[in-house]
Amino acid sequence: MPPVFAHGRLRLYLLKLLDEAPRHGYEVIRLLEERFEGLYAPSAGTVYPRLAKLEAEGLVTHATEGGRKVYSITEAGRAELADRSGELADLELEIRDSVTELAAEIRDDVRGAAGDLRREMRAAASASATQVQDESWQAAKEELRKARQDWKEQARRAKDESRRAREEAQQARRQAKEAQERAREEVQRIAGQLQDRLAKSGGVLSSLAGAWLGGTGTGTGGSAAGQGGPSGPSAGSAPSAAAPSPGTDWAGDLEPTADPARDLDRLLDRFRDEVRDAARDHGVTPARLAEARAHLAAAASRLTGALSTP
């Protein structure tokens with residue numbers, strides 16, 4: 001008898017049966033027998049140890065109902081089943097091929113038995129032709145007819161199963177291809193969103209990093225402060241918190257990565273944290289806010305221009 005399941009394939013098919021519905025062990029054995037049209041039925045010693053192993057691996061779980069264990073597939077089991085969808089389609093074809101091979105063996109056995117029966121009948125007729133009664137001969141012919149009918153029925157069922165297997169395999173392959181296309185489109189969509197987010201984050205980072213650079217210079221912010229207008233500090237306002245001195249050593253503890261956009265995000269986080277710490281420690285007055293706004297505007301203009309330079 002040819003092997004029904006290749007190595008590891010029974011495990012995959014058990015996951016498929018449990019994905020259809022929760023089942024107890026005897027029901028799994030009965031379903032396998034039905035799928036093979038009664039030509040193959042695994043023993044309890046084959047099915048239950050594999051169910052226990054699947055449960056130990058976290059792919060299935062069980063609940064006790066009426067004194068029997070009812071097994072259900074877990075999310076991890078469904079994930080493995082989805083990852084092996086193409087292999088499952090091939091397995092369906094292999095099962096149909098196994099049914100066909102088993103049916104062929106039965107057909108050969110029936111043919112052999114029919115041939116043996118004919119030879120025995122001829123030998124008996126030759127040895128004792130005068131003792132053969134018409135009734136016995138008719139009974140033998142009826143047995144032969146039934147044997148031929150059984151063989152034809154089994155051959156027809158095997159042919160139908162093979163045809164259904166091919167159709168189901170083709171459908172499974174189409175579904176797998178459609179799933180791959182949907183996954184590819186989703187990846188492209190997420191990649192587009194990520195690019196948009198990085199572009200927007202780059203603009204915000206440019207503005208804030210520019211504020212850091214402008215806060216220590218004498219650009220637009222310093223000019224506005226010197227004018228003493230609405231955007232600069234008043235004569236009686238409290239002194240602004242000292243801004244850190246920019247330079248190549250600032251944030252030197254942040255190791256660079258292979259992704260410049262990510263490195264810019266990290267610099268933004270450091271800059272934001274330092275500004276917030278300074279605001280928390282020294283307070284923010286309307287005058288300081290106006291001065292900070294002027295510095296941010298000047299720095300944003302400078303850094304945006306620097307990042308826009310080819």
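Just so you know, these numbers come straight off a predicted model, no measurement behind them.

## Comments concerning the pairing of strand β3 (residues 68-73)
Pairing geometry for strand β1 (residues 23-24) and β3, over 2 bridges, is antiparallel. Residue pairing across strands places Arg-23 opposite Tyr-71, the latter belonging to β3. Pairing of strand β2 (residues 60-65) with β3 involves 6 bridges; the strand directions are antiparallel. Within β3, the residue paired with His-62 across the bridge is Tyr-71.

## Here we look at the pattern of salt bridges
A complete count under the given rule lists 25 salt bridges for this structure. Close ionic contact of Arg-156 with Asp-160 constitutes a salt bridge, the shortest N to O distance being 2.9 Å. Residue Arg-156 and its partner Asp-160 are both found in helix α6 (residues 134-214); the two are separated by 4 residues, about one turn of the helix. A salt bridge links Arg-266 to Asp-263, with the shortest nitrogen-to-oxygen separation between them at 3.6 Å. Here the residue Arg-266 and the residue Asp-263 both occupy positions in helix α8 (residues 260-282), the gap between them amounting to 3 residues, near one helical turn. In this structure Arg-266 comes out as partly exposed when scored by relative accessible area, which is 26%. Overlapping salt bridges, with partners in common, bring together Lys-16, Glu-20, Arg-23, Glu-27, Arg-30, Glu-34 and Arg-35 in one network.

## Considerations on the packing of helix α2 (residues 25-35) against helix α3 (residues 44-56)
Between α2 and α3, the shortest axis-to-axis distance is 10 Å and the interhelical angle comes to 125°. When the axes of α2 and α3 are compared, the pair comes out oblique. In this structure, the crossing between α2 and α3 has a hand that is right-handed. Here Gly-25, Tyr-26, Val-28, Ile-29 and Leu-32 of α2 lie close against α3, whose contacting residues are Ala-44, Val-47, Tyr-48 and Leu-51. Along the lines of polarity and charge, the residues of the contact of α2 with α3 split into 8 nonpolar, 1 polar and no charged.

## Describing the side chain of Thr-74
Positionally, Thr-74 belongs in the loop between β3 and α4 (75-83). Since its relative accessible area comes to 17%, Thr-74 is described here as buried. There is a polar contact of 2.7 Å between the side chain of Thr-74 and the backbone oxygen of Gly-58. Excluding residues within four positions of it along the chain, Thr-74 makes contact with Gly-58, Leu-59, Val-60 and Thr-61.

## Describing the nonpolar core
In a soluble, globular protein the nonpolar side chains are often hidden away together inside. Counting residues in each nonpolar core, the largest one holds 23 residues, and the members touching the most others are Leu-14, Leu-15, Leu-18, Val-28, Leu-32 and Val-47. Of all the secondary-structure elements, those providing two or more residues to this core are α1 (9-20), α2, α3, β3 and α5 (85-127). If you tally residues by element for this core, the top one is α1, at 7 residues. In this structure, Leu-15 is in contact with Leu-54, Leu-59, Val-60, Ile-73, Gly-77, Glu-80 and Leu-81, ignoring residues within four places of it in sequence.

## Looking at the packing of α1 against α2
Remark: α1 packs on α2, axes separated minimally by 11 Å, with the N-to-C direction vectors making an angle of 105°. On the basis of their axis angle, the class for α1 and α2 is roughly perpendicular. Counted together, Leu-10, Tyr-13, Leu-14, Lys-16, Leu-17, Leu-18 and Glu-20 of α1 and Val-28, Leu-32 and Arg-35 of α2 form the full contact between these two elements. A class-by-class count of the residues in the contact of α1 with α2 yields 7 nonpolar, no polar and 3 charged.

## Side note on α3
Its 13 residues place the ends of α3 18 Å apart at the C-alpha level, agreeing with the 18 Å of an ideal helix rising 1.5 Å per residue. When α3 is considered as a whole, its buried residues turn out to be Val-47, Leu-51 and Leu-54. Buried residues of α3, seen end-on, are gathered within an arc of 65° and therefore sit on one face of the element. Counted as exposed and oriented over 90 degrees from the buried face of α3: Gly-45, Lys-53 and Ala-56. Packed against the buried residues of α3 are α1, α2, β2 and β3. Two residues or fewer past α3, Gly-58 is found with a positive phi of approximately 80°.

## Concerning the confidence of the model for the chain
Confidence along the chain averages 77 in pLDDT terms, with 71% of residues attaining 70 or more. Confidence over residues 215-244 falls short of pLDDT 50; this stretch has 36 contacts with residues more than four positions distant or in other chains.

## Points about the sheet that holds β2
Strand order in this open sheet of 3 strands is β1-β3-β2, and the pairing throughout is antiparallel. Sheet topology places β1 and β2 at the edges, where each strand pairs with a single neighbour. Relative to β2, α3 is tilted by about 115°, and along the sheet it contacts β2 and β3.

Thresholds applied
Residues numbered from 1 in each chain as written. Predicted model: local features only at pLDDT ≥ 70, side-chain atom pairs only at ≥ 80, totals over all residues. Heavy atoms only, no water. Pairing = 2+ DSSP bridges. Helix = DSSP H or I, 4+ residues; strand = E, 2+ residues; numbered from the N terminus. Salt bridge = Lys/Arg side-chain N within 4 Å of Asp/Glu carboxyl O. Buried < 20%, exposed > 50% of the residue type's maximum accessible area, 1.4 Å probe, protein only. Axes fitted to C-alpha atoms, helices over the stretch in contact; angles between N-to-C directions. Parallel < 35°, antiparallel > 145°, perpendicular 65-115°, else oblique. Left-handed = near helix turned anticlockwise from the far one by under 90°. Contact = heavy atoms within 4.5 Å. Nonpolar A, V, L, I, M, F, W, Y, C, P; charged D, E, K, R; others polar. Polar contact = N/O pair within 3.5 Å; in protein donor to acceptor, adjacent residues only side chain to side chain. Core = buried A, V, L, I, M, F, W, Y, C linked by side-chain atoms within 4.5 Å. Expected span 1.5 Å × (residues − 1). Arc of directions from axis to C-beta. pLDDT = per-residue confidence, 0-100.

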